[in-house]
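The chain contents come next:
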Amino acid sequence: MARTNPVQFIQQTRAEIGKVVWPSRREVVLTTVMVLIMAAVMALFFTLVDLIIRSGLEGVLNAF
């Protein structure tokens with residue numbers, strides 16, 4: 001593996017950072033909102049599943 005000096009490393013790093021396509025403000029806001037919505041939906045789903053499992057387990061345990 002070839003070694004580069006620190007100046008070349010910094011130049012190569014800047015060149016690679018220049019290739020990065022940064023998202024627009026609108027894209028960031030939309031994806032953030034979608035993540036928050038999906039987190040809320042998943043929290044609701046797991047809450048309902050937990051309630052169903054708990055009530056089923058209580059029913060089985062109360063039967064005995």
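Q: Would you take a moment to explain the packing of aromatic side chains for this structure?
A: In this description, an aromatic ring pair is defined by two values, namely the gap between the centres and the angle between the planes. In this structure the tally under the stated criterion is 1 aromatic pair. Considering the side-chain rings of F45 and F46, the 5.2 Å spacing of their centres and the 70° angle between planes classify their relative orientation as edge-to-face. Judged by relative accessible area, F46 falls into the exposed class, the value being 51%.

Q: Hey, could you run me through helix α1 (residues 6-19) in this one?
A: For α1, built from 14 residues, the straight-helix expectation of 20 Å at 1.5 Å per residue is met to within 8% by its first-to-last C-alpha distance of 20 Å. Little of α1 is tucked away: 0 of the 14 residues are buried.

Q: Sorry if this is basic, but what is going on with the environment of T4 here?
A: Relative to the assigned elements, T4 resides in the segment before α1. Judged by its relative accessible area of 39%, T4 is partly exposed. Apart from residues lying up to four places away in sequence, T4 is in contact with F9 and Q12.

About the cut-offs
- Counting restarts for each chain: residues are numbered from 1 in the order of the written sequence.
- In keeping with the predicted nature of the model, local features appear solely for residues at pLDDT of at least 70, side-chain atom pairs appear and are counted solely at 80 or more, and the whole-chain, interface and lining totals rest on all residues.
- The side-chain numbers reported here are obtained from all heavy atoms of the structure, hydrogens and water having been left aside.
- Only centres within 6.5 Å qualify two rings of Phe, Tyr or Trp (six-membered ring in Trp) as a pair; their planes then separate them into stacked at under 30 degrees, edge-to-face at over 60, and tilted for everything else.
- Type-normalised accessible area, obtained with a 1.4 Å probe on protein chains alone, sets the label of each residue: buried when under 20%, exposed when over 50%, and partly exposed for intermediate values.
- Counting from the N terminus, the helices are the DSSP runs of H or I reaching at least four residues and the strands are the DSSP runs of E reaching at least two.
- How far a helix is expected to stretch is found by multiplying one less than its residue total by 1.5 Å.
- Contact criterion: two residues are considered in contact whenever any of their non-hydrogen atoms come within 4.5 Å of each other.

Scope: geometric values only; no functional claims are made or implied.
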